[in-house]
Amino acid sequence: MDPAAGPVLYQKLLLWEPSLESGEEEEEGETLEPLVLDPWRPRDSSGNKPSRLPRAWAQLAAALLLLAIGCSLAVWQIQTKGGSTGSLGSVAPPPSGHSHHPGVYHHSAIISPAATCSHLGRELLVAGGNVVDAGVGAALCLAVVHPHATGLGATFWGLFHNSSSGNTMALMSGPAQTLAPGLALPAALPTLHLLHARFGRLPWPHLLVGPTTLAQEGFLVDTLLARALAARGTDGLCPLLCHADGTPLGPGARATNPKLAAVLHTAALAPTSDLAGDALLSLLARDLGVEVPSAGPRPILEPALQLPMPQGILFTIPGPSTGPELLAQLEAALLSGAPNPDPCPPLPQTAMTPASSILATVDSSGSVLLLTSSLNSSFGSGHLSPNTGVLLSNLVARSATSTWACPLILRSSPDDTEADVLGLVASGTPDVARAITQALLSHLAGPQTQAQHQHQAQQGQMESASACGQGTLLQVAAHAEHAHVSSVPSDCCPFQGF
């Protein structure tokens, strides 16, 4: 930090989180924790609330700042020319010469499969958002730029550790419902809206500015989308992802989805989780010629599953995900006392994991959000709704959702809210739970610091988890008052932070 610069003021995170035991609201003082920069809420030295006029000007400035995010995304995409991953993240040394390894940041960071969405998440963090704002905004961005893996028709699962309260919550989309034969009822908007309403900080509309702009003005097809499109073909996906002659768009081509932009714009005005998906359901029902369901998706937030262990406490999401299976595998491995398990244990014969998308956000205080979503197969049902630009999932009640949803968080001390926190989330492997188990046991087996762990990842010494499952593993951590992000393979997922 430049010694000549003035002091940096941190705004405490304000969360509404009812007590899990009594159902009564926690006192405000119990949920305050230094978390994010807040340039918008001026306070006088006495602690009195600012007058309405300065607050109005501050709110106007904040709105203009967030509107600039949408424009910056388009410019930034043009500058990166649609690379497959874009910049993998770096930390340029400030004038004082202080610097870190790539993936280590003073404040907070985000990692996702798309450079554009990692960039959008960082912009939300810089604008004063917390890890939930950044994660939800990036998830909505991925719904635009990676329609092969996720979207508004996808099913979402998540795990959020709140460093302020010490609580860890599981985000569940609820049981799969069918809108029409072979077409799942979309739950993304109400699920993400619920997560944000409970734990987010920025206004909900601000999170949709960037994704809406990308859908309306266009986004550049990256290598991951182009590869999935070439493998599947364009049947049912034109004109969204096709040239005029029907051939698939290649890397660097520009795609637009104005119908999806209109849906996102409408969702930005929704005051509740239920209403966030109502307009989308009405349009989808009209496309399919079916009645609007009397009861839409019912996402929930509930306490995460826990497993106490000598090294701390583990958290994951309840069934029907693979969370319970993951904890059972970890408990068995820890009880066996094996210090360094086989890097590539034999895998049982399992069906291929459905196409899915993952992302992770972390801040230096230890708040972590892990999100995973899926359309159940590449491009889901392949049914592109003409009135919404949404690809519906073919995930139904009998689908094997448990094969891909099991994010994991390790807090090194059950009682210390400032303890080190590690987050792991994986996708694309035949056995996600086994891959995460291997990654955690490898982490626990070595006494290396997170900085050394980060350096090893850059040198390719953590590739065994990927070699075992041919998938993607994201790792985030809060250690030594810094935010750390990395991935296996090390070049798969762009990260950004500050």
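A quick note: this is a predicted structure, and the numbers were derived from the prediction, not measured. (Residues numbered from 1 in each chain as written. Predicted model: local features only at pLDDT ≥ 70, side-chain atom pairs only at ≥ 80, totals over all residues. Heavy atoms only, no water.)

## Considering the confidence of the model for the protein
Here comes step 1: Confidence in the prediction for the protein averages 77 pLDDT; 70% of positions are at 70 or higher.
Here comes step 2: When the criterion is pLDDT under 50, residues 90-96 qualifies, and its contacts beyond four places in sequence or with other chains add up to 10 contacts.
Here comes step 3: When the criterion is pLDDT under 50, residues 448-467 qualifies, and its contacts beyond four places in sequence or with other chains add up to 36 contacts. (pLDDT = per-residue confidence, 0-100. Contact = heavy atoms within 4.5 Å.)

## Considering the state of the cysteines
Here comes step 1: Within the structure shown, the criterion is met by two disulfides.
Here comes step 2: Residue C238 pairs covalently with C242 via a disulfide, S to S 1.9 Å. Classification of the bridge connecting C238 and C242 rests on its S-S torsion, roughly -90 degrees, and on that basis the disulfide is left-handed.
Here comes step 3: A relative accessible area of 38% means that C238 is categorised as partly exposed.
Here comes step 4: Each bonded cysteine of the protein gets a number by its place in the sequence, and the pairs then read 1-2, 3-4. (Disulfide = S-S within 2.5 Å. Buried < 20%, exposed > 50% of the residue type's maximum accessible area, 1.4 Å probe, protein only.)

## Here's the deal with the sheet that holds strand β3 (residues 104-105)
Across a sheet, paired strands are connected by hydrogen bonds in the backbone, their directions being either parallel or antiparallel.
Here comes step 1: Spatially, seven strands are ordered β3-β19-β18-β17-β16-β13-β12 in an open sheet, and the strand pairing comes out antiparallel. Two strands lie at the open edges of the sheet, namely β3 and β12 (305-309), each paired on one side alone.
Here comes step 2: Bridging between strand β17 (residues 421-427) and strand β18 (residues 472-479) involves seven bridges; their strand directions are antiparallel. Residue V425 lies in a different strand from β18, and its bridge partner there is L474. (Pairing = 2+ DSSP bridges. Helix = DSSP H or I, 4+ residues; strand = E, 2+ residues; numbered from the N terminus.)

## Focus on helix α8 (residues 273-288)
Here comes step 1: With 16 residues, α8 should reach 22 Å at 1.5 Å per residue; the first-to-last C-alpha distance of 23 Å fits that figure.
Here comes step 2: The principal kink in α8, of about 25 degrees, is found at A279.
Here comes step 3: All buried positions along α8 are accounted for by S273, A276, G277, L280, L281, L284 and A285.
Here comes step 4: Tucked into the core, α8 has its buried residues touching β7 (178-180), α4 (188-199) and α7 (258-268).
Here comes step 5: A distance of 3.2 Å separates the backbone nitrogen of L275 from a side-chain oxygen at the start of α8, and that oxygen is part of T272.
Here comes step 6: Directly beyond the C-terminal end of α8, a positive phi value near 70 degrees is found at G289. (Expected span 1.5 Å × (residues − 1). Bend = angle between axes of the 7 residues up to and from the residue. Polar contact = N/O pair within 3.5 Å; in protein donor to acceptor, adjacent residues only side chain to side chain.)

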